[in-house]
Amino acid sequence: MESGEAAAADAGGPRFPFPYTPYLIQEQFMVALYGALEAGRVGIFESPTGTGKSLSLICGALAWLRDFERKKQEEEARLLAPEESGQEGKECPASAGAGHAESQGTAGEPDWVTAFVQKKEERDLVDRLKEEQIRRKKREDRLEKIRNNVQLKYAAKRKRAEEDETKRLLQLSKEVLSEGAGDALEQLDHNEEELILAEYESDEEKKVVSGLEEDDDDLEEEHVTKIYYCSRTHSQLSQFVREVQKSPFGKDTRLVSLGSRQNLCVNEEVRRLGALQLINDRCMEMQKNKHEKKSDEENEGKKRRVSRTICPFYSYEQMQFLRDEVLVEVKDIEQLVALGRETKACPYYGSRYAISAAQLVVLPYQMLLHERTRNAAGIKLKDQVVIIDEAHNLIDTITCIHSAELCCAHSQLLQYMERYRKRLKAKNLMYIKQILYLLERFVAMLGGNVNQNPSCQAVSQTGAVLKSINDFLFQSHIDNINLFKVQRYCEKSLISRKLFGFVERYGSPASAVKSNKENQKLSGLQNFLLTLQQGADTEAGAPQSPVVETERDQIQAASPLMQIEGFLSALTNTNQDGRVIINRQGTVGQSSLKFLLLNPAVHFAKVVEECRAVIIAGGTMQPVADFREQLLSCAGVDPARVVEFSCGHVIPPENILPIILCSGPSSQQLEFTYLTRNMPQMMDETGRILCNLCNVVPGGVVCFFPSYEYEKQIYAHWEKTGLLTRLAVKKKIFQEPKKANQVEQVLVEYAKCIKRCSQAGGQMTGALLLSVVGGKMSEGINFSDDLGRCVIMVGMPYPNIKSPELQEKMTWLDKTMPRAAGQPPSKVLIENLCMKAVNQSIGRAIRHQKDFASILLLDHRYARPAIFNKLPQWIRERTQVKPAFGAAFAELRKFHRGKLDAL
């Protein structure tokens, strides 16, 4: 490790192991990060992509953790030293000071009482430290044994194989014995028994046995001080883990990767369900079956129900083995899943058991930012460190996690109740009736009736109406229902899973239920779901990833009740922190109810309160005002606790040429407002600029438009005027696809074309990629080197201010936030949303130290000081404002020719 050791800027500061000599800005980043963690700050850290941010985060944070653990152990040793040398009666200096201060404050207490209390505190502290030491020693010995003893692995595997064989033989014996013994009570199909809800015990929160009974004490380990690192996507987390593996800390860091069941489940039968919610429910049900099976076996004499499926991977011993394997060697999610398959242990639960002893926990945003998910995973944030990477969209992410959209499941639930009424207990029937009543009221709020086909019911007054939570509850007449209890019932009874099983079985109208009336209801519901999805697709707002839409499709088709659980949970927020949007469109089937969270700070406050330190990091954090005001100050963070760090880029100034262009070749002023951007002369001018640029820029040119609609419109216009043909002489034209699964193919073709052109050296010099701000190409994709020699931003991508969600957010901000520099907070929000999107897109081009690119912002409004100051510092410092096209073009030609000559 010492070989790559890099000293901090000042000789006396901390030392940071590093795989190579770090850049100066990396060193500054690590020093600032170390300082923030040591002082327990909330830090906003910006380090442009291509500056080795991940490695700086790893080496800075783990160097702090290493020093923190060392200091803690030294302090422990100092406190335990008098104990070991038999001087139990002597005072421990550290705790003595604290005890003495306390006794001074307690006036009139006799000295012997003070001394006794002080002694007891010292003894308790020493006992606690001893326990910690024993636990740590036990863990270290166990992991060391696994690290060095391959025999243990084989023994565990063999034992597992023997157990499987025994179980198989036992099952065969039971089947032989029970053959021919028909069940008189069994009037329902054998498989249908699984669809019946188990008796619901009570409304009171009971201690549900969800873990492993055999030796829970061993798993109840003290949580060591650790770093929780979270990012947005599964691939970003895997990339981070690979960076840790390559770093000097890769060999001796106890790291655990957490993920959803969708990513970690190794049970093929469950994986096949596809949708996350279905996988979750099925997994929970299998665990429940395991515990029911235990109690069934205890009551062997009684007549038993049919055997229920239990998960073969949910084995205490194997998961304990997997936990230790995870802690011994750093593994990413793919390696974790492979290990789970090999050891026949559940990676989802096995990884959770490793949390307490881990030093670095890598997990997705949702798992950390959503309190119920956090608690379910066993994540304890008290006095820990949290690093949130790729945090430019943090506010939106928290808002989305806690918002919910609703579709209805009334007819399915009614049929379910009718079919199994005789087999359901009174408590179940009561709650099902309550849920049916809620659904009835929700449909009534949309202007419909649950007994009629939703796609045939016209809505009299269309449009979106926003209500506060309380108003919605009163107007829909559901204020007398305890939503907390209903929500808890849905969770505990797994009713959405049972309903899914029922719909799977009786999904098509032909096989549904005998009555025609009920058939009509079912087909009505299916139409409702279909039309609701179509309605959601055309809804205005930020483009959603088709991957997300597909998953939502699956969930809706599977069990609409899952959405209702989310909606009920959302309605339990505080009245002022959210709004219910009643969106009435054409028919009831096309309408929807949506909960919108207005104040993300309420959910972030707990994270900031509990943690020792929180670091919000990203490649492009500008403008940071949003984080300070909407998130941190609303969450009650003292401004003095907030620290900001922003570093420049590693590329030399001459490798980047950002230009704000105010007018085009024919002196047409460039202002792409909603009214002017559709004018033919504006679209022609944009085309002429691109034609000129493609003549002088080598390789790839990436052009970003404000929306898919505008990109489509301008493309059609250029096709009509023949400009597209002129462009295609110099660059092959590619368009960003709307479907996520086609993005990879387009990028591969785009890259191939650029490579072919650079080798062939003909008239065509590369490719032009027409992309969309906020689309698939504007985030997480690198246009390094020849893939992005010039990035063009057409206009300013302001969000749709007619959207009811955004309007409500603006109103809320104006009411709750102070004015910033004389501007209303709503105006600042709109500008910030626009500039965040711009900064994300233009940051795609420069990806490493030797890279070079030009950046062109087509709109004179970028030169306004309020907008200009929201560009990232490293771009802002080098930006030139050009009122006329001629001067800008000359500068661009000189820049690219100079670079070509230097190559």
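Residues numbered from 1 in each chain as written. Predicted model: local features only at pLDDT ≥ 70, side-chain atom pairs only at ≥ 80, totals over all residues. Heavy atoms only, no water.

Draft legend 1. The arrangement of the sheet that holds strand 6 (residues 360–364) in detail. Taken in spatial order, the 7 strands of this open sheet run 5-6-4-7-12-3-13, and their pairing is parallel. Either end of the sheet is taken by a strand with one partner, and the two such strands are strand 5 (255–257) and strand 13 (642–646). Averaged over neighbouring strand pairs, the angle between their axes works out to 15° when direction is ignored. Of the strand pairs in this sheet, strand 3 (residues 42–46) and strand 12 (residues 613–618) are connected by 5 bridges, and their pairing is parallel. Each residue of the ladder has a partner; that of Gly43, found in strand 12, is Ile615. (Pairing = 2+ DSSP bridges. Helix = DSSP H or I, 4+ residues; strand = E, 2+ residues; numbered from the N terminus. Axes fitted to C-alpha atoms, helices over the stretch in contact; angles between N-to-C directions.)

Draft legend 2. Representation of the environment of Lys427 within the structure. In this fold, Lys427 is placed in helix 18 (residues 426–445). Separated by 62 residues in sequence, Lys427 and Tyr489 place their C-alpha atoms 9.9 Å apart.

Draft legend 3. Structural view of empty space enclosed by the protein. With the rule as written, the count across this model stands at 6 cavities of 30 Å³ or more. Forming the boundary of the largest cavity are 16 residues, of which Cys265, Asn267, Cys283, Cys311 and Cys346 lie nearest the centre. At the level of secondary structure, the elements contributing two or more residues to the lining of the largest cavity comprise helix 10 (276–298) and helix 13 (347–353). Residue composition of the lining of the largest cavity, grouped by class: 12 nonpolar, 2 polar and 2 charged. Of the voids in this model, the second largest cavity is the one considered here, and its volume is about 100 Å³. Forming the boundary of the second largest cavity are Ala625, Asp626, Glu629, Gln630, Leu813, Met817, Pro818, Ala820, Pro825, Val828, Leu829 and Asn832. Contributions of two or more residues to the lining of the second largest cavity are made by helix 26 (625–633) and helix 32 (825–842). Tallied by class, the residues present in the lining of the second largest cavity amount to 8 nonpolar, 2 polar and 2 charged. (1 Å grid on protein atoms, 1.4 Å probe; cavity = no way out; pocket = protein on both sides within 12 Å on 5 of 7 lines; lining within 4 Å. Points joined across faces, edges and corners; volume = space filled by probe spheres on them. Nonpolar A, V, L, I, M, F, W, Y, C, P; charged D, E, K, R; others polar.)

Draft legend 4. The arrangement of the sheet that holds strand 17 (residues 766–772) in detail. Ordered by their spatial adjacency, 7 strands build an open sheet running 16-17-15-18-19-14-20, and the pairing between neighbours is parallel. Edge positions in the sheet fall to strand 16 (731–735) and strand 20 (880–882), since each has one partner strand and no second. Mean inter-strand twist for the sheet, computed between neighbouring axes without regard to direction, equals 20°. Sheet topology places strand 16 next to strand 17; 5 bridges connect them, and they run parallel. The residue bridging Gln735 from the neighbouring strand is Leu770, located in strand 17. In the packing of helix 29 (residues 723–730) onto the sheet, the strands contacted are strand 16 and strand 17, and the crossing angle to strand 16 comes to about 115°. Where helix 30 (residues 740–760) meets the sheet, it contacts strand 15 (699–705), strand 16 and strand 17, and its direction lies at approximately 155° from that of strand 17. (Contact = heavy atoms within 4.5 Å.)

Draft legend 5. Broad picture of the packing of aromatic side chains. In the structure shown here, the tally under the stated rule is 18 aromatic pairs. Seen in terms of ring centroids, Phe29 and Phe645 are 5.6 Å apart; in terms of plane orientation they differ by 90°. Their pairing is edge-to-face. Here Phe29, found in helix 1 (residues 24–39), pairs with Phe645, found in strand 13; they are 616 residues apart in sequence, far enough to count as distant. With respect to class, Phe29 is no different from Phe645; both count as buried. Across from the ring centre of Tyr710, 4.9 Å away, lies the NZ or CZ of Arg677, which sits over that ring. (Phe/Tyr/Trp six-rings, centres within 6.5 Å; stacked < 30°, edge-to-face > 60°. Buried < 20%, exposed > 50% of the residue type's maximum accessible area, 1.4 Å probe, protein only. Lys NZ or Arg CZ within 6 Å of the ring centre and 35° of its normal.)

Draft legend 6. Spotlight on helix 31 (residues 804–816). In a regular helix each residue adds 1.5 Å, so 13 residues correspond to 18 Å; helix 31 covers 18 Å between its end C-alpha atoms and thus fits that length. Every buried residue of helix 31 is accounted for by Glu805, Leu806, Glu808, Lys809, Met810, Trp812 and Leu813. Residues of helix 31 that are buried make contact with strand 9 (463–468), strand 10 (578–585), strand 11 (587–597), helix 26 and helix 32. (Expected span 1.5 Å × (residues − 1).)

Draft legend 7. Representation of the confidence of the model for the chain within the structure. For the chain, the mean per-residue pLDDT works out to 76, and 75% of the residues sit at or above 70. Predicted confidence in the chain is weakest over helix 23 (residues 546–558), with a mean pLDDT of 36, and strongest over strand 7 (residues 385–388), with 93. Scored below 50 in pLDDT, residues 301–307 shows 9 contacts in the model against residues more than four places distant or in partner chains. Of the regions scoring below 50 in pLDDT, residues 508–558 engages in 91 contacts with residues more than four places distant in sequence or in other chains. (pLDDT = per-residue confidence, 0-100.)

Draft legend 8. Quick look at unusual backbone geometry. Despite not being glycine, Lys344 has its phi angle at roughly 55°, a positive value. Along the chain, the position of Lys344 falls in the loop between helix 12 (333–343) and helix 13. A relative accessible area of 36% places Lys344 in the partly exposed class.

Draft legend 9. Quick look at the pairing of strand 4 (residues 227–231). Counting buried residues along strand 4, 5 of its 5 residues qualify, which places the element largely inside the surrounding structure. What you see with strand 4 is no split at all: Ile227, Tyr229 and Ser231 on one side and Tyr228 and Cys230 on the other are buried throughout. In the sheet, strand 4 pairs with strand 6 via 5 bridges, with the strands oriented parallel. Along strand 6, the bridge assignment pairs Cys230 with Leu363. Strand direction decides the pairing type here: strand 4 and strand 7, joined by 4 bridges, are parallel. Considered in strand 7, the bridge of Tyr228 is made with Val386.

Draft legend 10. Main features of the nonpolar core. Formed by 59 residues in total, the largest nonpolar core has its most connected members in Tyr228, Leu363, Ile379, Ile388, Leu394, Phe604 and Ile616. Sequence-distant contacts of Tyr228, that is, excluding residues within four places in its chain, are made with His223, Ile355, Val361, Leu363, Leu368, Ile379, Lys380, Leu381, Gln384, Val385, Val386 and Ile387. Among the nonpolar cores identified, the runner-up in size contains 40 residues, and Leu413, Ile432, Phe442 and Phe502 belong to it. (Core = buried A, V, L, I, M, F, W, Y, C linked by side-chain atoms within 4.5 Å.)

Draft legend 11. Molecular detail of the pattern of salt bridges. Applying the stated rule across the entire model yields 22 salt bridges. One salt bridge connects Glu268 with Arg341, and the closest N-O pair in it is separated by 3.5 Å. In this pair, Glu268 sits in helix 9 (residues 268–271) while Arg341 sits in helix 12, placing the two residues 73 residues apart along the sequence. The class of Arg341 is partly exposed, set by a relative accessible area of 40%. One connected set of salt bridges, linked through shared partners, spans Arg66, Asp67, Arg70 and Glu74. (Salt bridge = Lys/Arg side-chain N within 4 Å of Asp/Glu carboxyl O.)

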